[in-house]
Amino acid sequence: MQWYLKAIKNYAVFEGRARRTEYWMFYLVNVIIVFALLFLETVSGSNGFGVLLMLYYLFLIIPSLALTVRRLHDIGRNGWNILFGLIPFAGGIILLVFACLESEPDNRYGPNPKRSDGRHQIGMSTTMNHHANNENSNTSIPTPSVNTPTPAKIFCGNCGKKTAVANFCVHCGKELHM
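Right, let's walk through the structure included here. Everything numeric in this text was worked out from a predicted model, so none of it was measured.

## Let's talk about the overall build of the protein chain
The number of helices and strands found in the protein chain is five helices and two strands. Mapped in sequence order, the helices and strands of the protein chain form the string α-α-α-α-α-β-β. For the protein chain, the residues scored as buried account for 35% of the 178 residues in total. When contacts within the protein chain are restricted to residue pairs at least 6 apart in sequence, long-range pairs at least 24 apart make up 51% of them.

## Things to note about the nonpolar core
By size, the foremost hydrophobic cluster in this structure holds 14 residues, and its most contacted members are Y4, I8, F26, Y56, L60 and L67. When residues of this core are assigned to their parent elements, the largest contribution, five residues, is made by helix α2 (residues 20-43). Each residue touching I8, except ones within four places of it in the same chain, is listed here: F26, F59, L60 and P63. L72, I82, L95 and F98 belong to the second largest nonpolar core, which has six residues in total.

## Observations concerning the packing of aromatic side chains
The geometry of an aromatic ring pair is captured by the separation of the ring centres together with the interplanar angle, meaning the angle of the planes. This structure, assessed with the given rule, holds six aromatic pairs. Here the aromatic residues Y4, Y23, W24, F26 and Y27 are joined through ring pairs into a cluster of three or more.

## With respect to helix α4 (residues 90-100)
The complete set of buried residues in α4 reads G91, L95, F98 and A99. Within α4, the buried residues cover an arc of 100° as seen down the axis, which keeps them to one side. For α4, the secondary structure elements touched by its buried residues are α2 and α3 (51-74).

## What to know about the side chain of R71
Residue position: R71 is located in helix α3. In this structure R71 comes out as buried when scored by relative accessible area, which is 2%. Excluding residues within four positions of it along the chain, R71 makes contact with A18, R19, R20, Y23, F98, A99, C100, L101, E102 and S103.

## A word on the environment of L83
Inspection of the secondary structure puts L83 in the loop between α3 and α4. Put simply, L83 and L95 are 12 residues apart on the chain and 9.2 Å apart in space, counted from C-alpha to C-alpha.

## Notes on α3
Taking 1.5 Å as the rise per residue, α3 with 24 residues should run 34 Å; its terminal C-alpha atoms sit 35 Å apart, in good agreement. For α3, the principal kink sits at L60 and spans about 40°; a proline, P63, occurs within the next four residues. Positioned one or two residues after α3, G76 has a phi angle of 85°, which is positive.

## With respect to a nonpolar patch on the surface
Taken together, the side chains of F14, V51, L55, L58, I61, I62 and L65 make up a nonpolar region of the molecular surface, amounting to roughly 650 Å² of accessible area. Structurally, L58 is set in helix α3. Look at L58 and you get exposed, because its relative accessible area is 57%.

Reading the values: the criteria
All residue numbers refer to positions counted from 1 along the written sequence of the respective chain. Given that this is a predicted model, residues contribute local features only at a pLDDT of at least 70 and side-chain atom pairs are listed and counted only at 80 or more, while totals for whole chains, interfaces and linings are drawn from all residues. Hydrogens are left out, water is left out, and the side-chain values use all remaining heavy atoms of the structure. Strands here are runs of E lasting at least two residues and helices are runs of H or I lasting at least four, both read from the DSSP assignment and numbered beginning at the N terminus. Here the term buried applies to any residue with accessible area under 20% of the maximum for its type, exposed to any over 50%, and partly exposed to those in between, with areas from a 1.4 Å probe on protein chains only. The contact criterion used is simple: two residues touch if any of their non-hydrogen atoms lie within 4.5 Å. Among buried residues, those of type Ala, Val, Leu, Ile, Met, Phe, Trp, Tyr and Cys that are joined through side-chain atoms within 4.5 Å constitute a nonpolar core. Paired rings are identified among Phe, Tyr and Trp, the last through its six-membered ring, by centres lying within 6.5 Å, and are further divided according to the angle between planes into stacked (under 30 degrees), edge-to-face (over 60) and tilted (the rest). This arc describes the spread of directions from the helix axis toward the C-beta atoms. Given the number of residues in a helix, its expected span is that number minus one, multiplied by 1.5 Å. Working definition for bend: take the seven residues up to and ending at a residue and the seven starting at it, fit an axis to each, and measure the angle between the axes. Residues form patches when they are more than 30% accessible in relative terms and have no salt bridge. Like charges link within 9 Å. Nonpolar side chains (Val, Leu, Ile, Met, Phe, Trp, Tyr) link within 5 Å. Per-residue and other accessible areas were derived by the Shrake-Rupley procedure at a 1.4 Å probe size, with only the shown protein chains allowed to occlude residues. Any carboxyl oxygen of Asp or Glu that lies within 4 Å of a side-chain nitrogen of Lys or Arg is treated as forming a salt bridge with it.

Structure (structure tokens):
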């Protein structure tokens, strides 16, 4: 329910990112509410598509669009990709596939919302971004103090580049498994 309320609180926010969990939980709660409204309208003697359901659908147009745009941002796509939904049959499938894709690391739309500690992934924050593209730079992690040893380097299994030992590769952003 918290994910549904988060989407409603961000009623018309088309900027930023939305995790898969936020997206799918919003639609799960939405389906439950629609079935409850249909049940109430059927029990009350309405023809099944009454005023409550229409008002609910009108209320959800903007937050549904905003959440879908933020979900597209999470996978690194432009929000205008939502227009794929206008293509008969294939458009809905394309958006479904996009909604199922894994989140990207920090991208131009903001930090990865999966990070529970609120920090950017190592080497991907905007202050460190210019160092991440420099092969000779050893500043992809905060500069160690005089007495702190320099972290060991390992090769990323995804991109094959040498990176400091951390949870995420500073070049491609993928999680490192050691």
